[in-house]
Amino acid sequence: MVNKLIFSREEMFKLNRDKLRSRGVEIEDIAKIAFFQQSKYNKDISMSTCIESVEKILTYRDIFHIVQLSIDIDILTEKKMFSAPIQNIMEADLGMFGIDEILGLNIAANYGVIGQTNFGDIDVNKPGIVKDLNDHGKLGSKNCHTFLDDVVGAIAAAASTRVAQIQSEEQAEKNPNVTYIKLDI
Ligand code: MG
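Bear in mind that the values here come from a model prediction, so they are computed numbers and not experimental data. (Residues numbered from 1 in each chain as written. Predicted model: local features only at pLDDT ≥ 70, side-chain atom pairs only at ≥ 80, totals over all residues. Heavy atoms only, no water.)

K.L.:
Sorry if this is basic, but what is going on with the nonpolar core here?
P.N.:
Across soluble globular proteins, you tend to see nonpolar side chains buried next to one another. With 41 residues, the main nonpolar core has Leu20, Val25, Ile30, Val54, Val152 and Ile155 as its most contacted residues. If you list the elements that add at least two residues to this core, you get helix H1 (9–22), helix H2 (27–38), helix H3 (47–57), helix H4 (61–78), helix H6 (99–108), helix H7 (112–125), helix H8 (128–135) and helix H9 (148–172). Looking at this core element by element, the count peaks at 10 residues for H9. Those residues within four positions of valine 54 in sequence are excluded, and the remaining contacts are Ile27, Ile30, Ala31, Ile155 and Ala159. (Core = buried A, V, L, I, M, F, W, Y, C linked by side-chain atoms within 4.5 Å. Buried < 20%, exposed > 50% of the residue type's maximum accessible area, 1.4 Å probe, protein only. Helix = DSSP H or I, 4+ residues; strand = E, 2+ residues; numbered from the N terminus. Contact = heavy atoms within 4.5 Å.)

K.L.:
Please explain the coordination of the magnesium ion as it appears in this structure.
P.N.:
By definition of the ideal shapes, four donors in a tetrahedron about a metal sit 109.5 degrees apart, and six donors in an octahedron sit 90 or 180 degrees apart. Coordination of the magnesium ion by the protein is provided by Asp100 (OD), Thr146 (O), Asp149 (OD) and Asp150 (OD), with metal-donor distances spanning 2.1 to 2.5 Å. In the primary structure, the donors to the magnesium ion are separated according to the pattern D-x45-T-x2-D-D. In this pair, the class of threonine 146 matches that of aspartate 150, namely buried. (Donors = N, O, S within 2.8 Å, 3.2 Å for Na, K, Ca; no water.)

K.L.:
What is the right way to read the side chain of threonine 77 from this model?
P.N.:
Turning to its location among the elements, threonine 77 is positioned in helix H4. Of the polar contacts made by the side chain of threonine 77, one reaches the backbone oxygen of isoleucine 73; its length is 2.7 Å. Once you skip the residues sitting within four places of it in the chain, threonine 77 turns out to touch Phe82, Gln87, Met90, Glu91 and Cys144. (Polar contact = N/O pair within 3.5 Å; in protein donor to acceptor, adjacent residues only side chain to side chain.)

K.L.:
Would you explain the packing of H6 against H9 in this entry?
P.N.:
For any two helices packed against each other, the geometry is given by the interaxial angle and the distance between the axes. In contact at an axis separation of 8 Å, H6 and H9 are set at 20° when each is read in the N-to-C sense. Classed by the angle they form, the pair H6 and H9 counts as roughly parallel. Crossing geometry of H6 relative to H9 is assigned as right-handed. Together, Asp100, Glu101, Gly104, Ile107 and Ala108 of H6 and Asp150, Val151, Ala154, Ile155 and Ala158 of H9 make up the contact between the two elements. Of the residues in the contact of H6 with H9, the class split is 6 nonpolar, 1 polar and 3 charged. (Axes fitted to C-alpha atoms, helices over the stretch in contact; angles between N-to-C directions. Parallel < 35°, antiparallel > 145°, perpendicular 65-115°, else oblique. Left-handed = near helix turned anticlockwise from the far one by under 90°. Nonpolar A, V, L, I, M, F, W, Y, C, P; charged D, E, K, R; others polar.)

K.L.:
Just to check I follow, could you spell out the pattern of salt bridges for this structure?
P.N.:
Any two side chains of opposite charge can pair, so long as their charged atoms come close to each other. Tallying each qualifying case throughout the model produces 10 salt bridges. A salt bridge links aspartate 18 to arginine 17, with the nearest nitrogen and oxygen atoms 3.1 Å apart. For aspartate 18, a relative accessible area of 39% corresponds to the partly exposed category. Here arginine 17 falls in the partly exposed class, since its relative accessible area comes to 24%. Across the pair arginine 23 and glutamate 78 runs a salt bridge whose closest N-O atoms are separated by 2.7 Å. A residue pair is termed long-range when its members are at least 10 positions apart, and arginine 23 in the loop between H1 and H2 and glutamate 78 in helix H4 qualify at 55 residues. The exposure class assigned to glutamate 78 is partly exposed, which follows from its relative accessible area of 26%. (Salt bridge = Lys/Arg side-chain N within 4 Å of Asp/Glu carboxyl O.)

K.L.:
Any chance you could explain the environment of serine 83 here in plain terms?
P.N.:
In this structure, serine 83 sits in the loop between H4 and helix H5 (86–91). Overall, the relative accessible area of 52% leaves serine 83 in the exposed class. When the C-alpha atoms of serine 83 and methionine 96 are compared, they prove to be 18 Å apart, with 13 residues separating the residues in sequence.

Structure below.
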């Protein structure tokens, strides 16, 4: 039997949702961070737009590959499947490692420079589930969240930025004399 390599967006969404869930992360946990971040700038954002944004981001192929690979790296690190010294570096979640942040920045870059600066904010301040993952994934615990905390933070940053873009579009479309084309953000 030939292994399946190409998945529809619906399939990628479900595989991502289930993979995140298997590591204790729900879509709502990510959406809450996006809401928390974006509500500082926009008072009238809704949680449902944040959830919809996270769901949308989880359908993209590049993000699918990063989510699937990142979580597997964490799982294989827990099983001590890598060689020293990289095994020890990832197990310790070494602050100077940085490959996890590269993947996070790559996810956030789908929503431009603002997406990336929003990721930096989440990476430094560790709101909500990002802090939980970080606290429960350190050396001495049986869990490794070296990649997961960045992937989750970056999806939240991307979702937060998407919400801001939707708000900007809505604001721009207030001119009643213009017919606007609805773009898929
Ligand atoms: Mg990390």
